[in-house]
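Fold and geometry: a report
Chain by chain, the residues:
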Amino acid sequence: MRGSDDHRPLLAVTMGDITGIGPEIIIMALSEAELYGLCRPLVLGDLPALEKARAVCGSRARLHATDDPGSGFYQPGTIDIMVLSDLTADAVSYGQPTRDSGAAMVGYILRAVELALAGQAAAVVTAPISKAAMHLGGYHYPGHTELLAERSGAREFAMMLAGGAFRVVLATIHCPLREVPGRLNTPDLVRLLALTNHSLMMDFGIQRPSIGVAALNPHASEGGLFGDEEARVIQPAVDQALARGVNVIGPLPADTIFVRHQRGEFDAVVVMYHDQGLIPLKLLHFGDAVNVTLGLPIIRTSVDHGTAYDLAGTGRADPGSLKAALRLAAKMAHARAKCRQGYERGSE
């Protein structure tokens, strides 16, 4: 065990839906010694589920149960777990979430938020959950993000998907495509651009971010031939953000903006709807993309995939996204700490 001089950020890693692949990808990810040089991962979850996953994966890692984040080993070969549930084998049937497993799944998230708000964890990293399991457990939220925002007191938040330096931020998320134009409005886009700019500075350590804005319509509407959302909604938002000091360019045609982003012209691109941003992201970073929630008082990263019930219990799930989420959370924790130190020095 290490003392208070250990500067590796402590990451609260929630196990997600234990009837899915969460426990297995945690075992596989934390079997890599390299991660322990970057962070101190503390799993929050169910001991029988993690033991079962260890057997499935053929891992020789030691499981160390602790009720105190300060008493973990955080060394290769040992996986530290804060035991928050101890469900029977019958409750851990792969692909079959229950009321008890759903309630436990949410319990891991709530405890992680408590640790982060109290400063005992530098970030929260979440394994995949099931909305059906969440509802079975008595929690009626659309997903992780809304639960985290409510419990952390965040008023404005947004979803970023990041694959290395390729980052997209979504103006709308899960809704029918036909509803997207009606959901876009100038004030919300201005706030989203300001939030993206702030997050890139504070959590990614980018002093002067460059943000691209994707158009909604083909050819950015080509002067109104293919729609008016660019002139009526998006351009005014860009102009107002520029007036506030945000370095933003757009709206730009979506069929070329991502080429420019990949070449390094932008630090992030704000997109108008889900697939507009996720298709290029997953084409380039299918195995290592990370879901980041912007606007929370805590750092939260997550895998960019679901529970994969069909793979649960096979040991064949890909831990790539979780490993990337752990690395990014550690990097963001260092960036946020450095940013806060700069603010404190500036206020002296």
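Preceding this paragraph is the structure being described.
Summarised in this report is the structure supplied together with it. Note that the structure is a prediction, hence the values are computed from the model and not measured.

The next subject is the sheet that holds strand β4 (residues 78-85). The strand order across the open sheet formed by 12 strands is β3-β4-β2-β1-β5-β12-β11-β6-β7-β10-β8-β9, and the pairing between neighbours is mixed. Edge positions in the open sheet fall to β3 (62-65) and β9 (248-252), since each of these has one partner strand only. Mean inter-strand twist for the sheet, computed between neighbouring axes without regard to direction, equals 25 degrees.

Let's shift gears to helix α11 (residues 274-285). Counted at 1.5 Å a residue, the expected span for α11 with its 12 residues is 16 Å, and the 16 Å between its end C-alpha atoms agrees. Every buried residue of α11 is accounted for by Gln-276, Gly-277, Leu-278, Pro-280, Leu-281 and His-285. Against the buried residues of α11 lie β6 (158-163), β7 (166-170), β8 (211-214), α10 (254-262) and β10 (268-271).

The subject of this paragraph is the packing of helix α8 (residues 186-204) against helix α9 (residues 229-243). Across the interface, α8 lies against α9 with an axial gap of 8 Å and an inter-helix angle of 40 degrees. Classified by the angle between their axes, α8 and α9 sit oblique to one another. Between α8 and α9 lies a crossing of right-handed hand. Residue-level inspection shows Thr-186, Leu-189, Val-190 and Leu-193 of α8 in contact with α9, the latter providing Arg-232, Val-233, Ile-234, Pro-236, Ala-237, Val-238, Gln-240 and Ala-241. A breakdown of the residues in the contact of α8 with α9 according to their chemical character gives 9 nonpolar, 2 polar and 1 charged.

This part covers the layout of surface pockets. In this structure, the largest pocket occupies an estimated 1,100 Å³ of space. Thr-145, Glu-146, Met-159, Ile-173 and His-174 are, among the 38 residues lining the largest pocket, the residues nearest its centre. When residues of the lining of the largest pocket are traced back to their parent elements, those giving at least two are α6 (144-152), β6, α8, α11 and β12 (300-303). Counting residues per element, the lining of the largest pocket draws most heavily on α8, at 5 residues. Within the lining of the largest pocket, the residues separate by chemical class into 17 nonpolar, 11 polar and 10 charged.

Moving on, we come to unusual backbone geometry. A cis amide bond, omega -5 degrees, links Gly-250 with the succeeding residue Pro-251. Assignment of secondary structure puts Pro-251 in strand β9. With a phi angle near 55 degrees, Tyr-74 is a residue other than glycine that sits in the positive phi range. Among the secondary structure elements, Tyr-74 is positioned in the loop between β3 and β4. Under the relative-accessibility criterion, Tyr-74 is labelled buried at 3%. Unusually for a residue other than glycine, Ser-221 sits at a positive phi of about 75 degrees. You can see Ser-221 is positioned in the loop between β8 and α9. When its relative accessible area of 4% is taken as the criterion, Ser-221 is described as buried.

Here we take up the pattern of salt bridges. Under the definition given, this model contains 11 salt bridges. Arg-232 is paired through a salt bridge with Asp-228; the nearest N and O atoms lie 3.2 Å apart. Between Glu-265 and Arg-260 there is a salt bridge, with its nearest N and O atoms 2.4 Å apart. What makes Arg-260 partly exposed here is its relative accessible area of 27%. The network of salt bridges with shared partners includes Glu-156, Asp-188 and Arg-191.

Okay, the state of the cysteines next. Under the defined criterion, the tally for this structure stands at 0 disulfides. With no disulfide of its own, Cys-57 has Cys-39 as its nearest cysteine by sulfur position, at a separation of 18 Å. Overall, the relative accessible area of 25% leaves Cys-57 in the partly exposed class.

Here is what the cut-offs are and how they apply
Residues numbered from 1 in each chain as written. Predicted model: local features only at pLDDT ≥ 70, side-chain atom pairs only at ≥ 80, totals over all residues. Heavy atoms only, no water. Pairing = 2+ DSSP bridges. Helix = DSSP H or I, 4+ residues; strand = E, 2+ residues; numbered from the N terminus. Axes fitted to C-alpha atoms, helices over the stretch in contact; angles between N-to-C directions. Expected span 1.5 Å × (residues − 1). Buried < 20%, exposed > 50% of the residue type's maximum accessible area, 1.4 Å probe, protein only. Contact = heavy atoms within 4.5 Å. Parallel < 35°, antiparallel > 145°, perpendicular 65-115°, else oblique. Left-handed = near helix turned anticlockwise from the far one by under 90°. Nonpolar A, V, L, I, M, F, W, Y, C, P; charged D, E, K, R; others polar. 1 Å grid on protein atoms, 1.4 Å probe; cavity = no way out; pocket = protein on both sides within 12 Å on 5 of 7 lines; lining within 4 Å. Points joined across faces, edges and corners; volume = space filled by probe spheres on them. Salt bridge = Lys/Arg side-chain N within 4 Å of Asp/Glu carboxyl O. Disulfide = S-S within 2.5 Å.

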